[in-house]
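# Structural overview for review
Residues per chain are reported as follows:
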Amino acid sequence: MRWEELTGDQFPEAVRQSEQVCLLPLSCLERHGHHLPIGTDMFIGRELCHRAALLEPAVVFPDFFFTQILEARHVPGTVGIEPELIIRLLENTCREIARNGLTKIVIVNAHGGNDALIHYFAQIQLASRRDYVVYVPQPSYQAEEPATAAQWETVIDDHAGERETSMILAIRPELVRLESLPQDSEGMPLGRLKPLGDQNIYTGIWWYADNPTHYNGDGRPATAKKGETWFADRSRALATAIRTIKDDKDGRRLQDEFFGKTI
Ligand SMILES: [Zn+2]
């Protein structure tokens, strides 16, 4: 059930059917190599949530694309929102979702650059008492079903590579410019901070150091069929997570208990 497609009259019944679960798809507006649209993550997050909600009913919030993508501000089309504002907007959005009766908020992240943000955001839910719980299913690229994992032909595949190109070929093929796919090694990491990386030393400029054109991987082996397999696999995994979250009573109970003890 897409939030924006419900009428006001239908909304309370949608809340009941979803057992108070709302999926919040996080994405961003970011360059995806030469061949994929700037809204690639948005299309993927939206599709994944929609398919999962068909398997396990949930209300799907519209695209939330004002997230962390400062590392792409040197290339056209990026919208990099101020860090403090992202947190405030996300927090305010969750409050409004909960005010509408959806008190189990599931962040479904479709943008790798948000991984630190979503875990930090979940953690700061403990800053003050609230009447909802924020859940973060683990990154959607992990623990694929064996048949899905076996179909990939490339090893380096992090951004606009075989996976994401396959996904967009499956759902928005008219937006893929296959003729613009590089035939050289542009998608391979440059390793400009290799001495730091070798010792697991993190720095914010790491992505730019490796992938200044926002292409990491090789999109050439991508097919729509692979993308379809991925969506079917991941929507099943997300539906299972939704079911588990619906059954969860202890998250809210312990959160309330915690705030009761907090001075
Ligand atoms: Zn992406």
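A brief structural summary.

## Thoughts on the overall build of the protein
- Broken down by element type, the protein carries ten helices and four strands.
- For 263 residues, the compact-globule estimate of 2.2 N^0.38 gives 18 Å, and the protein sits close to it at 19 Å.
- Over its C-alpha atoms, taken along the principal directions, the protein stretches across nearly 55 × 40 × 35 Å.
- Of the roughly 13,200 Å² of accessible surface on the protein, 56% is carried by carbon and sulfur atoms.
- Across the protein, the 28 positively charged side chains and the 38 negatively charged ones have centroids separated by 4 Å.

## Focus: the pattern of salt bridges
- In this structure the tally under the stated criterion is 25 salt bridges.
- One salt bridge in this structure joins Glu96 and Arg99, with 2.7 Å as the shortest N-O distance. A residue pair is termed a helical-turn pair when its members lie 3 or 4 positions apart in one helix, as Glu96 and Arg99 do in helix H3 (residues 83–99) at three residues.
- For Arg99, a relative accessible area of 58% puts it in the exposed group.
- For Asp256, the salt bridge goes to Arg252, with nearest N and O atoms at 3.3 Å. You can see Asp256 and its partner Arg252 sitting in helix H10 (residues 250–261), four residues apart, about one turn around the helix.
- By relative accessible area, Asp256 is classed as partly exposed at 28%.
- Among the charged side chains, a network of salt bridges with common partners joins Glu19, Glu56, Arg243, Lys246 and Asp247.

## Looking at the side chain of Glu162
- Along the chain, Glu162 turns up in helix H6 (residues 162–171).
- Judged by relative accessible area, which is 0%, Glu162 ranks as buried.
- Ignoring any residue separated from it by four or fewer positions in sequence, one finds Glu162 in contact with Gln151, Trp152, Glu153, Thr154, Asp157, Asp218, Gly219, Pro221, Ala222 and Lys226.

## Concerning the state of the cysteines
- Summed over all chains, the structure comprises zero disulfides.
- Looking at Cys49, it has no disulfide partner, and the nearest cysteine sulfur is the one in Cys22, 8.9 Å off.
- Taking the relative accessible area as the measure of exposure, Cys49 reaches 0% and is therefore buried.

## Here's the deal with helix H4 (residues 115–123)
- All of the buried residues along H4 are Leu117, Ile118 and Phe121. Take H4 and look down its axis: the buried residues cluster within an arc of 95°, on one side only. Along H4, the residues that are exposed and aim more than 90 degrees away from the buried face are Ala116 and Gln123.

## Some remarks on the layout of surface pockets
- Of the pockets and cavities examined, the largest pocket occupies roughly 990 Å³.
- Forming the boundary of the largest pocket are 41 residues, of which Asn109, His111, Gly112, Gly113 and Asp115 lie nearest the centre.
- Within the residue set of the lining of the largest pocket, elements represented by two or more residues are helix H2 (40–55), H3, strand E3 (104–109), H4, H6, helix H8 (206–210) and helix H9 (224–247).
- Here the residues of the lining of the largest pocket are counted per class, giving 21 nonpolar, eleven polar and nine charged.
- Every residue along the wall of the second largest pocket is listed here: Gly191, Leu193, Lys194, Leu196, Gly197, Asp198, Asn200, Ile201, Tyr202, Thr203, Trp206 and Asp210.
- Secondary structure elements with two or more residues in the lining of the second largest pocket: helix H7 (194–197) and H8.
- Considering only residue class, the lining of the second largest pocket consists of five nonpolar, four polar and three charged.

Each value, and the rule that gives it
- Residues numbered from 1 in each chain as written.
- Predicted model: local features only at pLDDT ≥ 70, side-chain atom pairs only at ≥ 80, totals over all residues.
- Heavy atoms only, no water.
- Helix = DSSP H or I, 4+ residues; strand = E, 2+ residues; numbered from the N terminus.
- Rg over C-alpha atoms; globule rule 2.2 N^0.38 Å.
- Areas by Shrake-Rupley, 256 points an atom, 1.4 Å probe, with all protein chains shown as cover.
- Lys, Arg positive; Asp, Glu negative; His and termini not counted.
- Charge placed at Lys NZ, Arg CZ, Asp CG, Glu CD.
- Salt bridge = Lys/Arg side-chain N within 4 Å of Asp/Glu carboxyl O.
- Buried < 20%, exposed > 50% of the residue type's maximum accessible area, 1.4 Å probe, protein only.
- Contact = heavy atoms within 4.5 Å.
- Disulfide = S-S within 2.5 Å.
- Arc of directions from axis to C-beta.
- 1 Å grid on protein atoms, 1.4 Å probe; cavity = no way out; pocket = protein on both sides within 12 Å on 5 of 7 lines; lining within 4 Å.
- Points joined across faces, edges and corners; volume = space filled by probe spheres on them.
- Nonpolar A, V, L, I, M, F, W, Y, C, P; charged D, E, K, R; others polar.

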